[in-house]
Amino acid sequence: MVKKMNNKNYNFSVWDVSEVYAGPGGKLWELLMGEQIHVGGSEQTDILAKKIGLDRYKDTYLLDICSALGGPARHLAEKYGTRVLGLDITPEMIKEAKKRTNGKSYEDKIEYRLGSALDIPSKDNIFDVVWGQDAWCYVRDKPRLIQEVKRVLKSEGVLAFTDWIWGSSEIPESKADYLMEFMVFPNLQTLEGYLQLIEDSGLKILEKEDLSTDFGYHMDKYVSILKENKKNIINNFGQELYIEAENGVKAWQEAANKKWVSRGLWIAKNS
Ligand SMILES: C[S@@+](CC[C@H](N)C(=O)[O-])C[C@H]1O[C@@H](n2cnc3c(N)ncnc32)[C@H](O)[C@@H]1O
């Protein structure tokens, strides 16, 4: 059954995703996760940064695909002196990222560009690092995404990303449908599926990791944060959105704890 799930495509377009992030959905995710909208916040950003040695080099040129509010971009520029190009398809996210970056001491290290992960607005062989955190799950054509990554990476450049994936246990189809509809994900990869895409593109895999235990821990945390902020969320966004969010996050909590879903990390190198 899990094989069938892995291949299933859902009818959500990039515009459905943009609508979520331009509206209350984006604000809700920020409330749960912070302005770095991925599991584990700055701690996870530091883990990924250290794994690829960002702390050892200044002025590394990094492309963050699906940069959202620019939380990781600012963290990397400030802490490691990284030069970052943040790419995102939602105009409201780009505008907000720029606003939060303006006036910072490291603002000249960061640029944000509106565009699609499937047609990266960049010349070939430009970046030392291509980076992504918990966002490529929204991108429908993942083989093309990885080919685009390969195209814009310099030779010897590094790909480093985390993403939400199908887990190691079989998931009932109705549960999978609900999870995907709640998140507006068009499809999900698996740990091995991304490995295959990376290898097919010609990049060489250096590391891959299933972070399922940490994923379950964070889903528990997000359910608690939602409940603690129930009044505030209802006041700001209404009862209907709160109920939808609580049901959705609880469904992801169940799925993470049953290992129906997971989160993975991949590091690869261009030849
Ligand atoms: C979960 S957020 C990303 C969080 C960000 N990586 C971080 O760690 O703060 C998802 C973002 O992906 C963007 N996005 C989704 N599909 C995209 C695509 N095809 N191309 C570019 N951006 C996309 C959305 O606009 C949204 O801002």
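On a predicted model such as this, the values are computed, not experimentally measured, just so you know.

## Considerations on the site of the ligand
Around the ligand, the surrounding shell holds 25 residues, and the nearest of these are Cys66, Ile89, Thr90, Ala117 and Ala135. The set of elements that each furnish at least two residues to the shell around the ligand consists of helix H2 (14–22), helix H5 (71–80) and strand E2 (83–88). Of the residues assigned to the shell around the ligand, the class counts are 16 nonpolar, seven polar and two charged.

## Regarding the pairing of strand E4 (residues 127–133)
The element E4 is largely enclosed, with a buried count of seven among its seven residues. Bridge count for strand E1 (residues 61–65) against E4 is three bridges, and the pairing is parallel. Bridge pairing in E4 links Asp64 to Trp131. Where E4 meets strand E5 (residues 153–166), six bridges bridge the pair, whose relative direction is parallel. Paired with Val130 across the strands is Leu159, a residue of E5.

## Some details on the packing of helix H8 (residues 173–183) against helix H12 (residues 239–257)
Any two packed helices are characterised by the angle at which their axes cross and by the distance between the axes. For the pair H8 and H12, the least separation of the axes is 10 Å and the interaxial angle reads 130°. One finds that H8 runs oblique with respect to H12. When the axes of H8 and H12 are compared, the crossing they make is left-handed. Residues Lys175, Tyr178, Leu179 and Phe182 of H8 form the contact with H12, whose own contacting residues are Gly248, Ala251, Trp252 and Ala255.

## What to know about unusual backbone geometry
Only a minority of non-glycine residues have a phi that is not negative, and only a minority of peptide bonds are not trans. Phi at Asp134 is positive, roughly 55°, even though this residue is not glycine. Of note in this structure, Lys259 is not a glycine but carries a positive phi near 60°.

## As for the environment of Glu170
When you line up the elements, Glu170 lands in the loop between E5 and H8. For the pair Glu170 and His75, spaced 95 residues apart in sequence, the C-alpha separation works out to 37 Å.

## Some points on the sheet that holds E1
Judged by pairing direction, the sheet is mixed, and its seven strands sit side by side in the order E3-E2-E1-E4-E5-E7-E6 without closing on themselves. Two strands close off the open sheet at either side, each with one partner strand: strand E3 (110–114) and strand E6 (204–210). Across the sheet, the axes of successive neighbouring strands diverge by a mean angle of 15°, strand direction being ignored. Alignment of E2 against E3, held across five bridges, turns out to be parallel.

Cut-offs applied
- Residues numbered from 1 in each chain as written.
- Predicted model: local features only at pLDDT ≥ 70, side-chain atom pairs only at ≥ 80, totals over all residues.
- Near = placed C-beta within 6 Å.
- Helix = DSSP H or I, 4+ residues; strand = E, 2+ residues; numbered from the N terminus.
- Nonpolar A, V, L, I, M, F, W, Y, C, P; charged D, E, K, R; others polar.
- Buried ≥ 20, exposed ≤ 12 C-beta atoms within 10 Å, placed from the backbone.
- Pairing = 2+ DSSP bridges.
- Axes fitted to C-alpha atoms, helices over the stretch in contact; angles between N-to-C directions.
- Parallel < 35°, antiparallel > 145°, perpendicular 65-115°, else oblique.
- Left-handed = near helix turned anticlockwise from the far one by under 90°.
- Contact = placed C-beta atoms within 7 Å.

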